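# Topology and contacts: notes
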Amino acid sequence: MAASQSSSCIQLQEIPVSKGSPDDDSATRRLTVNTVIESPSQTPQSGSLEETSAKAWLSVVGAFLFLFATYGFMQTIGTVQAYLEQNQLSSYTSRDIGWITGVFTSLAMFLGIQIGPLFDTYGPGFLGPVGCVIYLPVFFVLAECSKYWHFMLVLGIWGAVGAAILSMVGVAAIGKSFVRRRGLAMGIALCGSSIGGVVMPLMLRKLLPILGWTWSIRILAFILSAVMIGGALCLQQPFQKRQGSEASERHRRKRAALNFIALTSGTFTFVTIGLFALEFAVFGIFSLLPTYASVAQFSSDTGFVLVAIANATSTAGRLIPGLAGDYFGHFNVLLCMILCTAAFTAAILVPFGSTSLGALYAFSALWGFGSGSFISLTPVCMGKTCETEDYGRYFGTMYFFVSFSLLLASPLGGQMLQTFGTQALACLYVAVVVAGGICFLLARQLLHGKKGFVIKARI
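This one's a predicted model, so the numbers in the text were calculated from it and none came from an experiment. (Residues numbered from 1 in each chain as written. Predicted model: local features only at pLDDT ≥ 70, side-chain atom pairs only at ≥ 80, totals over all residues. Heavy atoms only, no water.)

### Notes on the overall build of the protein chain
Scanning the protein chain for helices and strands turns up 15 helices and 2 strands. By the burial criterion, 56% of the 459 residues in the protein chain qualify as buried. In the protein chain, 83% of the contacts between residues at least 6 apart in sequence involve partners at least 24 apart. Roughly 18700 Å² of accessible area belongs to the protein chain as shown, and the carbon and sulfur atoms make up 67% of that amount. (Helix = DSSP H or I, 4+ residues; strand = E, 2+ residues; numbered from the N terminus. Buried < 20%, exposed > 50% of the residue type's maximum accessible area, 1.4 Å probe, protein only. Contact = heavy atoms within 4.5 Å. Areas by Shrake-Rupley, 256 points an atom, 1.4 Å probe, with all protein chains shown as cover.)

Set out below in structure tokens:
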């Protein structure tokens, strides 16, 4: 929508009248009026923190820490899956183990449809500590798991509930606190997940051969405990609630109920379908990179390195495109990144991914940058379709549908890898990314609301 563009500033000045003028009896004056005009969908929530205040940027730190522990671990899940395939769950296929990681990632997103409205109603000050209480013990119990049903119950279900709450708090806190700098703030916060995706695989790579599963996961648990507690403390700045009557309070609580009102927006629907496709590719590749390297007959350590490289470049991919989107339009930058990512995936991974280790390293670096932009820009693009006060509801609804993509990404990708090989899987991911780009192009056109395609429009 056109109102999503930056605010306009109108300055009116009255020219002072000279003393010798016949109008001497009118006082010389200078009037300056600064009027900021914004669409309701792009104004910060009433009572939210000022974008330049220390409290607002402290919320970015809190979101960074929460996303380090949640999305960061989701991007480490491929390393965990590869270890389990060779040790505790060696008697199961990649597809079977993929259902554990698939349930974890998909359920964490699926629950957002209810957690989002709860966030809109109660804010981070309440949901943050609740999420920590649920998510923090997961890793201590995970260290004691040894059977398939242990991992499914502890990681797949219990871990997903805690991750759902904390990830929603991390992303939605940025969506409510920032408008003009939302791309930059979201990029910084989501760097937490990519940095987590670098630190945790490398740490596990060093610890697992020396200490084994139990103590390696316990050490990870202690580190994530400190990270989550720090995040909860940074986000203890609740959004101020509007003062109103008892009826308005009842209406506020009613808004916390589950509904699908977001689907009435055609733009939102296309954004959701596009993200469905992109997340299928993103989580499929991140979870299967170590297995992909093993099938291609590379060393077992290669998988750890590939995940670390992809997550390292993903940090820049979340930050730089997010900042560029604030100036050139978030949809515009996202579409450029989708086009480039599909092109180098087709040029590198499809023909050379299974034969050249150098090509696989190059692909991991480029894929990390491209997929990082998908993750940081899509929440900002989604925010253009709704009122700021409904950001949590819309974000949760979007990821409710995307969760089904995450549920299928790892097991279907693993099955296709075993059945058809590396090249067929690479071709599938290229096609999926292109399909996602088409959906975002249609969403951009609906948002622009004009006949014809205008490249220069800042959307």
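### Section: the environment of S216
Mapping S216 onto the fold places it in helix α8 (residues 182-234). A sequence separation of 11 residues divides S216 from R205, and the C-alpha atoms of the two residues are 9.5 Å apart. Residues contacting S216, with those up to four places away along its chain left out, are L204, L207, L208 and L211. Separated by 3.4 Å, the side chain of S216 and the backbone nitrogen of L208 make a polar contact. (Polar contact = N/O pair within 3.5 Å; in protein donor to acceptor, adjacent residues only side chain to side chain.)

### Side note on the packing of aromatic side chains
Taken as a whole and assessed by the stated rule, the structure comprises 21 aromatic pairs. Between F331 and F440, the ring centres sit 6.4 Å apart and the planes meet at 55 degrees, which makes this aromatic pair tilted. Here the residue F331 occupies a position in helix α12 (residues 330-352), and F440 occupies one in helix α15 (residues 422-448), the gap between them amounting to 109 residues. Clustering of aromatic rings is evident, with ring pairs tying together F73, F104, Y135 and F139. (Phe/Tyr/Trp six-rings, centres within 6.5 Å; stacked < 30°, edge-to-face > 60°.)

### Topic: a nonpolar patch on the surface
Taken together, the side chains of I210, L211, W215 and F222 present a nonpolar region at the surface, about 480 Å² in accessible area. Counting through the fold element by element, L211 comes out in helix α8. Under the relative-accessibility criterion, L211 is labelled partly exposed at 41%. (Patch = residues over 30% accessible without salt bridge, like charges linked within 9 Å, V, L, I, M, F, W, Y side chains within 5 Å. Salt bridge = Lys/Arg side-chain N within 4 Å of Asp/Glu carboxyl O.)

### A look at the state of the cysteines
Covalent bonding between the sulfur atoms of two cysteines defines a disulfide. Under the definition given, this model contains 0 disulfides. C340 takes part in no disulfide bond, and the closest cysteine sulfur, belonging to C336, lies 6.6 Å away. Residue classification places C340 among the partly exposed positions, given a relative accessible area of 46%. (Disulfide = S-S within 2.5 Å.)

### Concerning the environment of A296
Its place among the elements puts A296 in the loop between α10 (266-295) and α11 (300-328). A residue is classified by how much of its surface remains accessible, and A296, at 11% relative accessible area, is buried. Through-space distance from the C-alpha of A296 to that of T355 is 7.1 Å; in sequence the pair is 59 residues apart.

### Things to note about helix α5 (residues 112-122)
Structural remark: α-helix, 3.6 residues per turn; residues separated by three or four positions point the same way. By the criterion of burial, α5 is predominantly enclosed, with 8 of the 11 residues buried. Buried residues of α5: G112, I113, I115, G116, P117, F119, D120 and T121, and no others. Just past α5, the residue G123 takes up positive phi, approximately 80 degrees.

### Some words on the pattern of salt bridges
Opposite charge on two side chains permits pairing when their charged atoms draw close. Under the defined criterion, the tally for this structure stands at 2 salt bridges. Between K176 and D120 there is a salt bridge, with its nearest N and O atoms 3.0 Å apart. Of this pair, K176 sits in helix α7 (residues 148-177) while D120 sits in helix α5, placing them 56 residues apart in sequence. Each member of the pair, K176 as well as D120, carries the same accessibility label: buried. The closest approach of N and O atoms between E144 and R218, which form a salt bridge, is 2.6 Å. Of the two residues, E144 sits in the loop between α6 (124-142) and α7 while R218 sits in helix α8, which places them 74 residues apart along the sequence. Looking at E144, the relative accessible area reads 47%, which means it is partly exposed. A relative accessible area of 21% places R218 in the partly exposed class.

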